[in-house]
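Residue-level structural notes
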Amino acid sequence: MKKKIILILLMTILVFYGTLILYNQNSESLVSGVKDEKLAECPESPNCVSTQTEDNTKKMEPIAYIISNEEVMEIMVQVINEMSGTKIMIQDSNYLHVTFTTRFLRFVDDVEFYFDEQNKLIHFRSASRTGYSDMGVNQERMVEIRERFLNEI
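Numbering of residues begins from 1 in every chain and follows the order in which that chain's sequence is written. Per-residue local features are limited, in this predicted model, to residues with pLDDT of at least 70; the limit for side-chain atom pairs, both in listing and counting, is 80 or more; totals at the level of whole chains, interfaces and linings are taken over all residues. Side-chain measures here rest on the full set of heavy atoms in the structure, leaving out hydrogens and waters.

1. Description of the overall build of the protein chain
The test is simple: For helices the rule is a DSSP run of H or I covering at least 4 residues; for strands it is a run of E covering at least 2, with both sets numbered from the N terminus onward. Each residue's exposure class comes from its accessible area (1.4 Å probe, protein chains only) as a fraction of the maximum for that residue type: buried when under 20%, exposed when over 50%, partly exposed otherwise. Here, two residues are considered to be in contact whenever any of their heavy atoms come within 4.5 Å of each other.
Of regular secondary structure, the protein chain possesses 3 helices and 6 strands. Beginning at the N terminus, the succession of helices and strands in the protein chain can be written as α-β-β-α-β-β-β-β-α. Counting the 153 residues in the protein chain, one finds 39% classified as buried. In the protein chain, of all internal contacts separated by at least 6 residues, the share reaching a separation of at least 24 is 52%.

Written out as structure tokens, the structure is:
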């Protein structure tokens, strides 16, 4: 009887996590690119950070640079490709959309970069596709990307 209960419990957990993983892999990206030189606003949930948000709890500073946009894009792509679980979805002359997939539960986060050549700033937005809280993962990721990028220029 005890083995049966444990088996049922394990099966329930496996089905739950399997469904969660499939849902995350098939969820649609919520990115909208750049409109009027701005990335989309963060949602109300706390699983997003951005350099262009109006919400001070989610706001981060953009990354300043002094080299050409081509060099900046090349360095940022290099930084992204050196990180695990990344996939470049869109790469234009002033825009980059990257997905980050976690190892264990396969959660997908969308990260967008807008390279503002006029002001020599890299604006970004990092948001989880699903869930409510990200336990600070998006902010930590963007701090890491900033550090890696600045170490390369």
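2. Details of the environment of threonine 130
Of note, threonine 130 is situated in the loop between β6 (121-128) and α3 (137-152). On the accessibility criterion, threonine 130 (14% relative accessible area) is buried. Separated by 22 residues in sequence, threonine 130 and valine 108 place their C-alpha atoms 7.8 Å apart.

3. Focus on the pattern of salt bridges
The condition that has to hold: The working definition used for a salt bridge is a side-chain nitrogen of Lys or Arg within 4 Å of a carboxyl oxygen of Asp or Glu.
Counted according to the given criterion, the structure contains 6 salt bridges. The partner of aspartate 110 in a salt bridge is arginine 129, with the nearest N and O atoms 2.8 Å apart. Within this pair, whereas aspartate 110 is found in strand β5 (residues 108-116), its partner arginine 129 is found in the loop between β6 and α3, the two being separated by 19 residues in sequence. The exposure class assigned to aspartate 110 is buried, which follows from its relative accessible area of 3%. Classification of arginine 129 by relative accessible area gives buried; the value is 16%.

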